[in-house]
Amino acid sequence: MTNDNGNQAVPMVIVNASTNRTLALAPTEKPEKNFGLDFKRWQQKIFFYLTTLSLQKFIKEDVPVLPDETPKNERFLVIEAWKHSDFLCKNYVLSGLEDDLYNVYSGVETSKEFWIALEKKYKTEDAGLKKFIAAKFLNYKMVDSKSVIIQVQELQVIIHDLLAEGLVINEAFQVAAMIEKLPPLWLKNYLKHKHKEMTLKDLIVRLRIEEDNKAAEKRGRGNSTIMGTNIVEDTSQNKRKMKQTSGPKK
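Rules and cut-offs
- Residue positions within a chain follow its written sequence, with the count starting from 1.
- Residue-level local features of this predicted model are given only where pLDDT is at least 70; pairs of side-chain atoms are given and counted only at 80 or more, and the full residue set underlies all totals for whole chains, interfaces and linings.
- Hydrogens and water are ignored here; the side-chain numbers use all heavy atoms of the structure.
- Helix and strand definitions follow DSSP, with helices as H or I runs of at least four residues and strands as E runs of at least two, each counted in order from the N terminus.
- Note on exposure labels: buried denotes an accessible area under 20% of the residue type's maximum, exposed denotes more than 50%, and partly exposed covers the range between, all computed with a 1.4 Å probe on protein chains only.
- Each polar contact in these results corresponds to two N or O atoms within 3.5 Å; when the atoms are within protein, one needs to be able to donate a hydrogen and the other to accept it, and residues that are neighboring in sequence are counted only if both atoms are side-chain atoms.
- Between the rings of Phe, Tyr and Trp (Trp by its six-membered ring), a pair exists once the centres lie within 6.5 Å; its type follows the angle of the planes, with under 30 degrees stacked, over 60 edge-to-face, and the other angles tilted.
- Cation placement over rings: the criterion is NZ of Lys or CZ of Arg within 6 Å of the ring centroid and within 35° of the ring normal.
- To obtain each axis, a line is fitted to C-alpha atoms, and for helices this fit is confined to the stretch in contact; angles are then taken between N-to-C directions over 0 to 180 degrees.
- A clockwise turn of the near helix away from the far one marks a right-handed crossing, whereas an anticlockwise turn of less than a right angle marks a left-handed crossing.
- Residue contacts are counted whenever heavy atoms from the two residues lie within 4.5 Å of one another.
- Think of it as three bins: nonpolar holds Ala, Val, Leu, Ile, Met, Phe, Trp, Tyr, Cys and Pro, charged holds Asp, Glu, Lys and Arg, and polar takes everything else, Gly as well.
- What pLDDT expresses is the predictor's confidence in each residue, scored from 0 to 100.
- Working rule for helices: expected span equals 1.5 Å times residues minus one.

Notes on the side chain of Thr52
Tracing the sequence through the fold places Thr52 in helix α1 (residues 39–52). For Thr52, a relative accessible area of 7% corresponds to the buried category. Only 2.6 Å separates the side chain of Thr52 from the backbone oxygen of Tyr49, close enough to count as a polar contact.

Structure representation (structure tokens):
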């Protein structure tokens with residue numbers, strides 16, 4: 001039996017405690033290849049994939065150590081069975097890497113050694129990524145020339161990235177930060193000194209209403225200008241008509 005990627009699918013096996021019967025679950029779809037980006041998300045996906053194959057324990061366990069009194073033939077069977085499963089686990093993870101990374105890690109001995117090597121490499125890079133996202137958040141400033149709601153959404157994406165990297169930012173801090181980053185023409189002080197604490201949802205609703213009101217006022221001013229221009233033009237045209245029809249007196 002093969003999965004969509006053409007690899008042999010090994011079903012996950014569980015035991016039903018009530019009936020003592022063995023049930024098999026089909027493995028989930030294999031994650032896409034990792035190209036050295038967003039390692040944490042790929043790692044979670046590949047771990048879940050290994051779990052559906054009942055191979056996840058091999059990324060954490062060493063070769064089993066059996067008691068000295070274990071018969072040689074039993075010792076041989078247990079160790080060989082472990083090596084076989086560890087070989088499958090390691091190669092399932094290896095096959096999830098793009099070719100250049102595959103060549104780098106194909107020489108590792110065990111799944112555990114392989115998993116630790118990946119974490120050392122990419123968790124160091126993740127630390128740099130956290131600093132980059134934090135700096136992006138701190139340096140973000142809204143401008144008057146762009147929709148505030150669009151800028152709020154951009155800021156929410158950055159906050160989501162921070163949360164995904166394990167940085168804890170509570171809602172009160174998010175609200176305060178968004179108010180501080182509002183453009184100069186917005187009512188920062190009014191929002192900042194409100195007695196009732198606002199949720200993030202409340203703040204976004206207020207900003208949306210305020211932006212709609214500003215847009216309506218701008219349209220109203222534009223219409224007034226156009227109407228004033230039309231009145232001036234109509235008055236000038238009427239004066240010209242009156243001159244043309246009156247003519248010189250006999």
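A word on the packing of aromatic side chains
Each pair of aromatic rings is reported with the distance of its centres and the angle of its planes. Counting across every chain of the model gives 3 aromatic pairs. Relative to Phe173, the ring of Phe137 has its centre 6.2 Å away and its plane inclined at 40°; by these criteria the two rings are tilted. Taken as a pair, Phe137 in helix α4 (residues 111–139) and Phe173 in helix α6 (residues 171–180) lie far apart in primary sequence, 36 residues in all. On the basis of relative accessibility, which here comes to 43%, the residue Phe173 falls in the partly exposed class. Looking at Lys181, its charged tip hangs above the ring of Phe137, at a distance of 5.2 Å from the centre.

Regarding unusual backbone geometry
Not every positive phi belongs to a glycine, and Ser54 is a case in point at roughly 60°. Here Ser54 lies in the loop between α1 and α2 (72–94).

Structural notes on the packing of α1 against α2
Between α1 and α2, the shortest axis-to-axis distance is 11 Å and the interhelical angle comes to 145°. Remark: the crossing between α1 and α2 carries right-handed chirality. The segment α1 lies against α2, with Trp42, Ile46, Tyr49 and Leu50 engaging Cys89, Tyr92 and Val93. In the contact of α1 with α2, the residues fall into 7 nonpolar, no polar and no charged.

Some words on the confidence of the model for the chain
Looking at the chain as a whole, its pLDDT mean stands at 75, while 68% of the residues score no less than 70. When the elements of the chain are averaged for pLDDT, strand β2 (residues 21–25) gives the smallest value, 42, and α2 the largest, 89.

Brief notes about α1
Between its first and last C-alpha atoms α1 spans 20 Å; for 14 residues at 1.5 Å apiece the expected length is 20 Å, and the two agree. Turning to α1, its buried residues are Phe39, Trp42, Gln43, Ile46, Tyr49, Leu50 and Thr52. Just beyond α1, the residue with positive phi is Ser54, at close to 60°.

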